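One-letter residues, chain by chain:
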Amino acid sequence: QVQLVESGGGLVQPGGSLRLSCAASGFIFSIYTMDWYRQAPGNQRELVATIRAGGSTTYADSVKGRFTISRDNAKNTVYLQMNSLKPEDTAVYYCTAPQLETWGQGTQVTVPS
């Protein structure tokens, strides 16, 4: 049973930081690309960051220089370190293994204006 469980969201003031975690199970985590997406009400779900099995990363322009995706294969966990948070970062954040077409339940990040 493939399962992804996001955690670490919360309310943070502008300029603050959060670290999101996504715990994976039910597949060989180390060989899969992992993504973070986010979705705000009325918006499309957008790709925020990607980390591939070899460790290379890609970021949306809107978060470059502020967010860092990483993974710990020994813990079957992918992280999203979010710094210098802005109100426009407010969304539900989801992780996915895109090849498996599987999503977690999401974790809410709120950055008030």
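In this text the structure is predicted, and so the values were computed from the model without any measurement. (Residues numbered from 1 in each chain as written. Predicted model: local features only at pLDDT ≥ 70, side-chain atom pairs only at ≥ 80, totals over all residues. Heavy atoms only, no water.)

Draft legend 1. Seen up close, the overall build of the protein. Across its full length, the protein carries zero helices and 11 strands. The order of α-helices and β-strands along the protein, N terminus first, is β-β-β-β-β-β-β-β-β-β-β. Relative to a compact globule of 113 residues, whose C-alpha radius of gyration would be 13 Å, the protein shows 13 Å and is just as compact. With the C-alpha coordinates of the protein rotated into their principal frame, the extents come out at 40 × 25 × 20 Å. When each of the 113 residues of the protein is scored for burial, the buried share is 42%. A separation of at least 24 residues holds for 53% of the contacts in the protein among residues at least 6 apart in sequence. Accessible area for the protein stands at about 5,700 Å²; split by element, carbon and sulfur atoms hold 48% of it. Here the protein contributes 9 positive and 8 negative side-chain charges, whose respective centroids are spaced 5 Å apart. (Helix = DSSP H or I, 4+ residues; strand = E, 2+ residues; numbered from the N terminus. Rg over C-alpha atoms; globule rule 2.2 N^0.38 Å. Buried < 20%, exposed > 50% of the residue type's maximum accessible area, 1.4 Å probe, protein only. Contact = heavy atoms within 4.5 Å. Areas by Shrake-Rupley, 256 points an atom, 1.4 Å probe, with all protein chains shown as cover. Lys, Arg positive; Asp, Glu negative; His and termini not counted. Charge placed at Lys NZ, Arg CZ, Asp CG, Glu CD.)

Draft legend 2. Local environment of the state of the cysteines. The full count for this structure, using the stated rule, is one disulfide. The residue that forms a disulfide with C22 is C95, at a sulfur-sulfur distance of 1.8 Å. Of note, the bridge from C22 to C95 carries an S-S torsion of about 50° and is right-handed in sense. Separated by 73 residues along the polypeptide, C22 in strand β3 (residues 18-25) and C95 in strand β9 (residues 91-97) bring together distant segments of the chain. Its relative accessible area of 0% is what places C22 among the buried residues. (Disulfide = S-S within 2.5 Å.)

Interpretation in functional terms is not warranted from these geometric data alone.
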